Amino acid sequence: MASLSVKPGQRFTMPDWQNHSLLISADAEQQRYNSHNVRQEGRVLRNETGNQARWDEHNSRTRLNDRVTTIDRWREALARCLTEMDLEIDALTKVKEAAENALQAKNLWLDVAIECLTFRESRRDIDVVRDPVEEELVKEVKTIEKVKKELQQRVDEAFKQLCLLKEARQELSLDHRHKVEALELDRQCLAFNVNSGNISFKVNPTRVPDGATALREWELNSQCNKDRAEAELKASVDLRGAITLTIAQTNNELDAQRIATEFAIRKRMRDMEGALSELRWQEKNTLDEIADMEEEIRQLEDDIRKRTLDLKVAHTRLETRTYRPHIELCRDQAQYGLTDEVQQLEKTIRALQDKRTESQNTLDGLYRQLHRIQTDIGYKTNSLQLDNKCMVSRRKLVVPVEQFEPEVDAVSRTRNLPNKSELELA
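Fair warning: this is a prediction, and the values are worked out from it, not measured in the lab.

### Some points on the nonpolar core
Ranked by size, the top nonpolar core spans 24 residues in total, and within it M85, L92, L151, L165, L172, I243 and I247 carry the most contacts. Put simply, the parts of the chain that give this core at least two residues each are helix 1 (14-121), helix 2 (132-191) and helix 3 (215-249). Broken down by element, the residue count for this core peaks at 11 residues, all from helix 1. The residues touching M85, leaving out its near neighbours within four places in the chain, are L165, A168, R169, L172, A229 and L233. Core analysis: the second largest hydrophobic core is formed by 7 residues, L318, L338, V342 and I349 among them.

Right, here's the structure in full:
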């Protein structure tokens, strides 16, 4: 009689089997449903976060761009103010030197007046009298001492104003330098993107750095620096006007030699300006030609590089064809064509290289000529500046006191020299 070797396992009923299958199907459908929901939620989240990130980055870029524009506007304003201050410092320095020279020149007047009084002290007997000459000499001494006191006061005021100008300029220069640095950093930030190679996570990037200031404080600081500089500029312009007027009031004698000298200076200045205009025209044309020649050299080098690559291709083709087997290694039309191409390319490259050498030599000649032109411009500009200084120094001798103006115009910063009619009337 047969028997089972292993005890039979548990038996399930058909309803259990059917319920188990239904349960698996239901679980699978539920998992797919949950998965679908998760995918939809993930897609919505990705869209929302992607849009939010793009808008946030756009807003940040817009704010950075606006900040760059604001800083650049301030930088330009401070740069203009710095230029005006440099011009004003130079102008005030020259006026101060003129006042010092005028003060030094009054020593001769005082020496002569005292010498005359001393001579008259040698009078004897009845001639030792207080006459109108002595009264005028005493009045002259008092007038000269009064003028010297006024000039010395103007010199002291100019020195103090120069100190104030340089102090204000230092603050303005520091503010301008800081804005240049901040502008560079913000432009660097504006250039960052997800493809930049130097982006990384930072430690606590949202912290408020030590020494951080409020926007209002930043604006007030820049405005205060600018306002102070403009106030010092106005004070300096007014002081220059007062100094120049004081100098002009102490000079009242003219002679023919001065007129002839000023006519000669003015004629020389006109000739120098004409020569400078011609040289600057030559300089501009030479610079244009240099730019054209440099572009031509770049194009020649590009063509040489291209033809060199073509030659490499032809060489490679010829070398590769040498490995054709047996009877296939024949000098066919392709072989002749490649050989002709190599020879033509080598000829072309030599021609291009010769032309590049010729162009470079021509460019070197242009640079030498430009150096000569610019050197001559420097010489003539220096001569013209020296002539300008001569006219500025002599201007107070020909302009009437009631028409006297500062040496350098406060608005246009141009020098106002006496014209031919003024010299003839003088």
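### Regarding the packing of aromatic side chains
Applying the stated criterion across every chain yields a total of 1 aromatic pair. Ring plane angle 80° and centroid distance 6.5 Å describe the contact between W74 and W218, whose orientation is recorded as edge-to-face. You can see W74 sitting in helix 1 and its partner W218 sitting in helix 3, a full 144 residues away along the chain. With a relative accessible area of 15%, W74 lands in the buried category. W218 sits in the buried class, given a relative accessible area of 16%.

### Here we look at the confidence of the model for the chain
When the pLDDT values of the chain are averaged, the result is 77; 75% of them are 70 or greater. Within the chain, helix 3 carries the highest mean pLDDT (87), whereas helix 6 (residues 420-425) carries the lowest (36). In the predicted structure, residues 253-258 sits below a pLDDT of 50 and forms 8 contacts with residues beyond four places in sequence or in another chain. A low-confidence stretch, residues 396-404 stays under pLDDT 50, and its non-local contacts, those more than four residues away or across chains, total 19 contacts.

### Notes on the UniProt feature "coiled-coil region" (unreviewed entry) in the chain
According to UniProt, the positions carrying the feature "coiled-coil region" (unreviewed entry) are residues 134-161, 276-310 and 335-369. Helix makes up 100% of residues 276-310 and strand 0%. Its end C-alpha atoms lie 50 Å apart. Taken end to end, residues 335-369 is 100% helix and 0% strand, and its first and last C-alpha atoms sit 50 Å apart.

### Some remarks on the environment of A191
You can see A191 is positioned in helix 2. Linking A191 and R61, residues 130 residues apart in sequence, is a C-alpha distance of 9.2 Å.

### Section: the layout of surface pockets
Roughly 700 Å³ of internal volume is contained in the largest pocket. Lining the largest pocket we find 22 residues, and of these R67, H178, A182, T213 and W218 sit closest to its centre. Only helix 1, helix 2 and helix 3 provide two or more residues apiece to the lining of the largest pocket. If you tally residues by element for the lining of the largest pocket, the top one is helix 2, at 10 residues. Grouping the amino acids of the lining of the largest pocket by side-chain chemistry returns 10 nonpolar, 6 polar and 6 charged. Of the pockets and cavities examined, the second largest pocket occupies roughly 340 Å³. As for the second largest pocket, its lining consists of 13 residues, of which E57, R61, C189, F192 and N193 are closest to the centre.

### Structural notes on the pattern of salt bridges
For the coordinates displayed, the defined rule picks out 20 salt bridges. Across the pair K96 and E100 runs a salt bridge, and its minimum N-O distance is 2.7 Å. Separated by 4 residues within a single helix, K96 and E100 lie in helix 1, roughly one turn from each other. Of the charged contacts in the structure, one is a salt bridge between D310 and R307, with a shortest N-O distance of 3.1 Å. In this pair, D310 and R307 both sit in helix 4 (residues 256-321), 3 residues apart, roughly one turn of the helix. When its relative accessible area of 30% is taken as the criterion, D310 is described as partly exposed. Here R307 falls in the partly exposed class, since its relative accessible area comes to 24%. Overlapping salt bridges bring together D72, R75, E76 and R187 as one network.

Analysis parameters
- Residues numbered from 1 in each chain as written.
- Predicted model: local features only at pLDDT ≥ 70, side-chain atom pairs only at ≥ 80, totals over all residues.
- Heavy atoms only, no water.
- Core = buried A, V, L, I, M, F, W, Y, C linked by side-chain atoms within 4.5 Å.
- Buried < 20%, exposed > 50% of the residue type's maximum accessible area, 1.4 Å probe, protein only.
- Helix = DSSP H or I, 4+ residues; strand = E, 2+ residues; numbered from the N terminus.
- Contact = heavy atoms within 4.5 Å.
- Phe/Tyr/Trp six-rings, centres within 6.5 Å; stacked < 30°, edge-to-face > 60°.
- pLDDT = per-residue confidence, 0-100.
- UniProt positions renumbered as here; feature names shortened; annotations may be inferred.
- 1 Å grid on protein atoms, 1.4 Å probe; cavity = no way out; pocket = protein on both sides within 12 Å on 5 of 7 lines; lining within 4 Å.
- Points joined across faces, edges and corners; volume = space filled by probe spheres on them.
- Nonpolar A, V, L, I, M, F, W, Y, C, P; charged D, E, K, R; others polar.
- Salt bridge = Lys/Arg side-chain N within 4 Å of Asp/Glu carboxyl O.

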